Amino acid sequence: MMQLKCPWCGVRDESEFVCAGTTHIARPDLNATDAEWGRYLFVRDNPKGVHRERWRHAYGCGQWFNVARHTVTHEVLAVYAMTAAAPDVG
Amino acid sequence: MKYSALALLRGALSGQRSWTQAWRSPEPKAAYDVVIVGGGGHGLATAFYLAKNHGIRNVAVLERGWLGGGNTGRNTTIVRSNYLFPESARLYEFSLKLYESLSRELNFNIMLSQRGLVLLAHSRHDLEAMARWANAMQMNGIDAELLTREAVAARAPLLDMSREARFPVLGGFMQRRAGTARHDAVAWGYARAADALGVDILQNCEVTGFVKGAAGEVTGVDTSRGRIGAARIGIAAAGHSSVLAKLAGFALPVTSYGLQAMVTEPVKPALDTVVLSPGTGAYVSQSDKGEMVLGASLDLFPSYAQRGSFAVTQSILAATLAIFPSFSRLRLLRQWAGIVDVVHDSSPIIGATPVPGLFINCGWGTGGFKAIPVGGWTLAHVLASGRSHELAEPFGLERFHSGRLIDEAAAAGIAH
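This one's a predicted model, so the numbers in the text were calculated from it and none came from an experiment.

Undergrad: Account for the overall build of chain B, with residues named and values stated.
TA: Of regular secondary structure, chain B possesses eleven helices and 19 strands. For 416 residues, the compact-globule estimate of 2.2 N^0.38 gives 22 Å, and the C-alpha radius of gyration of chain B, at 21 Å, lies within 12% of that figure. Split into buried and exposed, the 416 residues of chain B put 59% on the buried side. Sequence-distant contacts in chain B: of pairs separated by 6 or more residues, those separated by 24 or more amount to 75%. Accessible surface, chain B as shown: approximately 16,700 Å² in total, 54% of it carbon and sulfur.

Put into structure tokens, the structure is as follows:
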């Protein structure tokens, strides 16, 4: 089972967490075109490799945090705060 | 060579040495009229219908691994058309109808078994939602019938119908024409029939890039077996669609997840229908070999690992045993995952891409197997004519900015 290190609670099993998808998505200006708004809402990089994503320790402390994780190996390369910049981990 | 009872008999007289290869393994040509990326069910069906319906036979199917080694070989083999909205109903019903005549069409036994699909209602709300769902299907001209608790018990006697059941069964609904088909046979049957019409099937041929002309249009692909030219290219790569789109210079509204399935050791016939419990996420059928085929919900984090996480394995086994307690004595033989291409509205994407000459069929998410015939039919149509097939018109990429989503909550049939 995959394990994640909650910044507040330490290493816990994957089943305690909920993944909320890609992080660092900037909301476009409200005057954005339909195409830009559609990209913001739906289009994702969906990389085969390192993915930066949001997780929540739903069945623990309830806190949100960011994770950089490899989508093939599932190796967690970094855990960082919601507002922190994306670490350079490949 | 035509497969028939007579051919079997002749083979018996000659020690079964008369069988020829089902399809060739040719060397790639320098160029084709159409190249299809992805040698699973959808890609092979596309090649077959290009040759059969449109007379375009100078076609290659490029497969990174071996035929049907991706999701075509990793699904739970269920075919059905129990969708909610008219657009989806038309699409999936067309697919089921093609399945019904496919063995004859391909001269290959795909072992279609229309053993019916029973959906279980575990609460009053489930009953109401299913009544709506079944009514919507009937309005769309698709067979559906509501079942009483007793009718469900008679259809699947091993279900826990006791008063102590953790998930009591209050009733359900059924599509009788749903069922299962042999997944490998679908890939092999389309491959053999396409090959017979002149299509080149190139295995171990990975696409590493797209070649483009002055106006940005595709002119070919670079592969692990060299450059192959083509003015029209179709992508049918399921969970790897985003990877190919990135090579071609655009992005898709797709996220890839692992979807698990597993089989138990084979036992004597004990379940002659497909049982799906949307409330618990379990779905079960028995293969012709006797294995109980168990399906699960998604591993809900992006993944390209074809293995699936143990947390979900555990939850699906718990859900299955809650409705079929006697299965607790069975041993699991195999567990695996396929990488599925999930779209926000659980509806497929079929049609043009932002790159001229490049077309795509993806986004079937957890339900690609049942859609193989229609996926191939409609992708072949757009590749041949440049225009979307009328069945595929609502399923273009433009819906993600026009807002005209086809939100098939019913699509998966299980709660994601």
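Read on, since the account is not over.
Undergrad: Account for helix H8 (residues 241–248) of chain B, with residues named and values stated.
TA: Residue and element names in this part refer to chain B. Listed as buried for H8 are Ser241, Ser242, Leu244, Ala245 and Ala248. Buried residues in H8, looked at end-on, bunch into an arc of 160°, giving them a common side. On its buried face, H8 sits against strand E1 (34–37), strand E9 (207–212), strand E12 (232–235), strand E13 (254–266), strand E17 (332–343) and strand E19 (358–362). Trailing H8 by a residue or two, glycine 249 shows a phi angle of about 95°, which is positive.

Undergrad: An account of the pattern of salt bridges is needed here, citing residue identities and associated values.
TA: Where side chains of opposite charge bring their charged atoms close, a pairing between them can arise. All names here are of chain B. Across all of its chains, the model carries 21 salt bridges over all chains by this definition. In this structure, glutamate 128 and arginine 124 form a salt bridge, with 3.3 Å as the shortest nitrogen-oxygen distance. One end of the pair, glutamate 128, and the other, arginine 124, are both in helix H5 (residues 124–139), four residues apart, so they sit about a helical turn from each other. Overall, the relative accessible area of 52% leaves arginine 124 in the exposed class. Note that arginine 334 is salt-bridged to glutamate 291, the shortest N-O span being 3.6 Å. Of this pair, arginine 334 sits in strand E17 while glutamate 291 sits in strand E16 (residues 291–302); the two residues are 43 residues apart in sequence, bridging distant segments of the chain. Classification of glutamate 291 as buried rests on a relative accessible area of 6%. What you see here is one network of salt bridges that share partners, running through Glu93, Lys97, Glu100, Asp143 and Arg177.

Undergrad: Provide a residue-level description of the packing of helix H2 (residues 41–54) of chain B against helix H7 (residues 183–196) of chain B, including the pertinent values.
TA: All names here are of chain B. At their nearest, the axes of H2 and H7 sit 8 Å apart, and the two run at 30° to each other. The pairing of H2 with H7 is recorded here as roughly parallel in orientation. Like other packed secondary-structure pairs, H2 and H7 cross with a definite hand, here left-handed. The segment H2 lies against H7, with Leu44, Ala45, Ala47, Phe48 and Tyr49 engaging Ala187, Tyr190, Ala191, Ala193 and Ala194.

Undergrad: Break down unusual backbone geometry for me, with residues and values.
TA: Residues and elements named next belong to chain B. In the Ramachandran plot, threonine 77 falls in the positive-phi region, its phi being about 65° despite a non-glycine side chain. Relative to the helices and strands, threonine 77 resides in the loop between strand E2 (59–62) and strand E3 (78–79). The phi torsion at asparagine 107 lies on the positive side, around 55°, for a residue other than glycine. Along the polypeptide, asparagine 107 turns up in the loop between helix H4 (102–106) and strand E4 (117–121). The buried category is assigned to asparagine 107, whose relative accessible area is 18%.

Undergrad: Now, about the interface of chain A and chain B: what can you tell me, with residues and values included?
TA: It is common to give the size of an interface as the accessible area that goes away when the parts come together. Counting residues at the interface gives 23 residues for chain A and 25 residues for chain B. On the chain A side of the interface with chain B, the three residues burying the most area are Phe42(A), Asn46(A) and Lys48(A), jointly 35% of the side's total. Applying the counting criterion to the chain A and chain B interface returns zero salt bridges. Sorting the residues of the side of chain A that touches chain B by element identifies helix H1 (34–42) and strand E4 (50–56) of chain A as the ones contributing at least two each.

Undergrad: Provide a residue-level description of the packing of helix H3 (residues 86–100) of chain B against helix H10 (residues 372–385) of chain B, including the pertinent values.
TA: Residue and element names in this part refer to chain B. Viewed as axis vectors pointing N to C, H3 and H10 meet at an angle of 105°, and their least axial separation amounts to 7 Å. Between H3 and H10, the crossing angle belongs to the class labelled roughly perpendicular. Contacts from Leu91, Phe94, Ser95, Leu98 and Tyr99 of H3 reach H10 at Ile372, Pro373, Val374 and Trp377. Split by residue class, the contact of H3 with H10 holds eight nonpolar, one polar and no charged.

Undergrad: Can you break down the environment of Arg74(B) residue by residue, with the values?
TA: Residues and elements named next belong to chain B. Looking at the secondary structure, you find arginine 74 in the loop between E2 and E3. When the C-alpha atoms of arginine 74 and leucine 259 are compared, they prove to be 9.0 Å apart, with 185 residues separating the residues in sequence. Here arginine 74 is in contact with Gly69, His183, Ala261, Gln306, Trp336, Ala337 and Gly338, once residues within four sequence places are set aside.

Undergrad: Give me the pairing of strand E5 (residues 64–70) of chain A: which residues, what numbers.
TA: All names here are of chain A. With respect to burial, E5 is a largely interior element, five of its seven residues being buried. For E4 and E5, the ladder comprises seven bridges, and the chain directions are antiparallel. Across the sheet, the residue bridging to arginine 56 is tryptophan 64, located in E5. Where E5 and strand E6 (residues 76–80) come together, four bridges link them in antiparallel fashion. Looking across to E6, one finds that valine 67 is bridged to valine 79. Hairpin connection between E5 and E6: a loop of five residues separates the two successive antiparallel strands, and histidine 74 in this loop has a positive phi of roughly 65°.

Rules and cut-offs
Residues numbered from 1 in each chain as written. Chains lettered and ligands numbered in written order. Predicted model: local features only at pLDDT ≥ 70, side-chain atom pairs only at ≥ 80, totals over all residues. Heavy atoms only, no water. Helix = DSSP H or I, 4+ residues; strand = E, 2+ residues; numbered from the N terminus. Rg over C-alpha atoms; globule rule 2.2 N^0.38 Å. Buried < 20%, exposed > 50% of the residue type's maximum accessible area, 1.4 Å probe, protein only. Contact = heavy atoms within 4.5 Å. Areas by Shrake-Rupley, 256 points an atom, 1.4 Å probe, with all protein chains shown as cover. Arc of directions from axis to C-beta. Salt bridge = Lys/Arg side-chain N within 4 Å of Asp/Glu carboxyl O. Axes fitted to C-alpha atoms, helices over the stretch in contact; angles between N-to-C directions. Parallel < 35°, antiparallel > 145°, perpendicular 65-115°, else oblique. Left-handed = near helix turned anticlockwise from the far one by under 90°. Buried area = accessible area lost by both parts, 1.4 Å probe. Nonpolar A, V, L, I, M, F, W, Y, C, P; charged D, E, K, R; others polar. Pairing = 2+ DSSP bridges.

Keep in mind these numbers describe shape, not what the thing actually does.
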